[in-house]
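# Survey of secondary and tertiary structure
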Amino acid sequence: MSNLVWLDELDLRGMKQGWLEARSCRAVTGNPLRIAGREYARGVGTHARSVYWLDLAGGATRFTAAVGVDDAAEGVGTLIFKIYGDGRRFFDSGVLKSGQPAVPVDVDLRGVQKLVLTVNDAGGGVRFGHANWVDAQFTGTRPQPTSAPVEPAEIRTPNPPATPRLNGPPIVGCRPGNPFLYRIPCTGARPLKLAVENLPAGLKLEANVITGSLAERGEYVVTLRAGNSLGVAERQLKIVCGDTLALTPPLGWNGWYAHGVKIADADMRAAADALVNSGMADHGYTYCNLDDAPAANFPDMKTLADYIHARGLKFGCYTSPGPQTCAGLPGSYQHEAEHARQYAAWGVDFLKYDFCTYWNVMPGKSTEDFIAPYRQMGRLLREQLRDIVFNLCQYGMANVWEWAPGIGGHCWRTTGDVGLEPNAALPGFYKVALANAALAEHAGPGRWNDPDYLLLGVCGDAHITPNEQYSYMSLWALMAAPLFFGGDMRKLDPFTLNILCNHEIIAVNQDELGRQARIVRQCDEEFILAKPLAAGSIAVGLFNLSEVVLPIRVSWEQLGLTGPRRVRDLWRQTELGVFATGWETMIGRHGVAVVSIT
Ligand code: GLA
């Protein structure tokens, strides 16, 4: 008996998509389904990127349909429809343009357990990704909507050895005459004894923190040495005393996503303690940053700053050039100089300057009007007798990456908040990352594109899969982004810590060359990022955007290389061998491999 089930009869709430909601017998806009002038009574209207997981339990034998771009896409939309069954690709529509007649689908499903219907944009961006599955029918038993299979939270990074290992940035910038603070990031069994050779006059080592102040500009190469009962480690650190701070991307924690405006003094102290106790600080995480919050939650900022500094960490603060912050608290408008002095007096090391309500007081909308408030604060911060990293937060307006370095900015948000909408087919960090990746040429030592924080671990409502967490961290590391963990420091779990504390991944981010990874190639299912490193090797990230395990290959030619190359898996910290023309691996749903190629 052949039983027919329409796709439009199924519960479509499980269809995840880029805009609005999937509609039964309607286009996503609510209008009739229409492809190339022809109207269809039956079918499903969705929007790219769209993903629908179905459990067939082997009971469906055939899927027939026609697919195309809805006529509402007005000649703009280009889409790719794909169907995967039990990890294999069963159908690929190729690139479909709006106005093109519907393409027939006829898939033999015998024996298939899990089916995924997907629609991706074909590079034209997600605007007008109006996608129609029309006359879509299953033969056999009724499929049940389901979700993607749950992945195990696989720990890939080996624990640090008990022998000493020096981690963190290879280079650090400071300004002459200002207080210097550098906590030497070092793993290994305690007790550890640290020593520094060639420390220039003015600096001293106390336990594991270098403090003091340098009078003279110049480049000072010191040797860090760490010893315990099992061995000794040695490494050079370049201290560059000049005008530029943040010679590598800042590393730390920011309280916004985990606490919002409820954050209080005790949370900041707990975060500082956890940075040290969890081992994060031993991997270079240094900044403990406060975001938008009422002053009343902080009875004494100076004491809080002292508490943080006493642990060798740095303290970040937040305000707005507008009369109010984004949360409606008092901003710095018309109090800029007074606030800059106040921050320096408290001992602030990092300032996030968030546009927010500056809209309401802006004299005009010219590029100069966007620059002015940041130019002013940049100057004020430079006037303080303190090294304060300046973070511009205005979501990428007026091509901030072009002028921020010139007005004293060290890092600037390139997009809106990363957020993580629950119903997206791909978590929002991919969109933010791809927008940020396009700005690679603007990054360098002392000037970094900032795609917002790492929403890993227990972090507000964010919930992403283990593979996605690896991809998130890999993207930020390769893009030389400031690495600010945004999760709850009191709820750090071993999996999250393992992702945050892979010293080889962090070393890619902190590489002295300061280059941001570029996109080598990109399609609907995968993309590759490559970041040249100071040692002459290249760090490469291979990202799977699809719903299934895929083989992904990078060829030496795509990287501009010839001849055999040595490949190392940076997440697992293992040598993979020497390869003649390229390297390929299987990568899981939304997963990643990061390798160095030497
Ligand atoms: C804006 C910023 C966020 C955060 C909030 C605080 O949305 O982009 O990073 O600072 O304001 O209100």
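Computed from a predicted model, the values in this text were never measured in an experiment.

Further remarks concern the packing of helix α2 (residues 265-277) against helix α3 (residues 301-310). Their axes nearest at 9 Å, the elements α2 and α3 cross at an angle of 10°. As judged from the angle between their axes, α2 and α3 are roughly parallel. Of the residues in α3, those touching α2 at Asp 265, Met 268, Arg 269, Ala 272 and Asp 273 are Thr 303, Leu 304, Tyr 307 and Ile 308. Its residues assigned to classes, the contact of α2 with α3 comprises 5 nonpolar, 1 polar and 3 charged.

Attention now moves to the domain arrangement of the chain. When the parts of a complex come together, some accessible area is lost, and that lost area is often used as the size of the interface. Under the domain assignment, the chain is made up of domain 1 (4-145), domain 2 (165-241), domain 3 (251-516) and domain 4 (519-597). The distance between the C-alpha centroids of domain 2 and domain 4 comes to 34 Å.

Moving on, we come to the nonpolar core. Formed by 106 residues in total, the largest nonpolar core has its most connected members in Met 268, Tyr 285, Phe 315, Met 473, Leu 475 and Trp 476. For this core, the leading source of residues is helix α8 (residues 466-478), giving 7 residues. Aside from chain neighbours lying at most four places away, what touches Met 473 is Tyr 285, Leu 454, Leu 456, Leu 483, Ile 499, Leu 500, Ile 505 and Trp 571. Of all hydrophobic cores here, the second largest spans 33 residues; its members include Leu 54, Ala 65, Ala 73 and Val 119.

One pass over the full model with this rule turns up 2 cavities of 30 Å³ or more. Lining the largest cavity are 13 residues; nearest its centre among them are Asn 289, Phe 350, Asn 391, Tyr 453 and Phe 484. Here the lining of the largest cavity is built from residues that sort into 7 nonpolar, 3 polar and 3 charged. A volume near 40 Å³ is recorded for the second largest cavity. As for the second largest cavity, its lining consists of Arg 49, Val 51, Tyr 84, Thr 118, Asn 120, Leu 545, Ser 546 and Glu 547. Split by residue class, the lining of the second largest cavity holds 3 nonpolar, 3 polar and 2 charged. If you count residues domain by domain, the lining of the second largest cavity takes at least three from each of domain 1 (4-145) and domain 4 (519-597).

Reading guide: rules and limits
- Residues numbered from 1 in each chain as written.
- Predicted model: local features only at pLDDT ≥ 70, side-chain atom pairs only at ≥ 80, totals over all residues.
- Heavy atoms only, no water.
- Axes fitted to C-alpha atoms, helices over the stretch in contact; angles between N-to-C directions.
- Helix = DSSP H or I, 4+ residues; strand = E, 2+ residues; numbered from the N terminus.
- Parallel < 35°, antiparallel > 145°, perpendicular 65-115°, else oblique.
- Contact = heavy atoms within 4.5 Å.
- Nonpolar A, V, L, I, M, F, W, Y, C, P; charged D, E, K, R; others polar.
- Domains from an automatic or database assignment.
- Core = buried A, V, L, I, M, F, W, Y, C linked by side-chain atoms within 4.5 Å.
- Buried < 20%, exposed > 50% of the residue type's maximum accessible area, 1.4 Å probe, protein only.
- 1 Å grid on protein atoms, 1.4 Å probe; cavity = no way out; pocket = protein on both sides within 12 Å on 5 of 7 lines; lining within 4 Å.
- Points joined across faces, edges and corners; volume = space filled by probe spheres on them.

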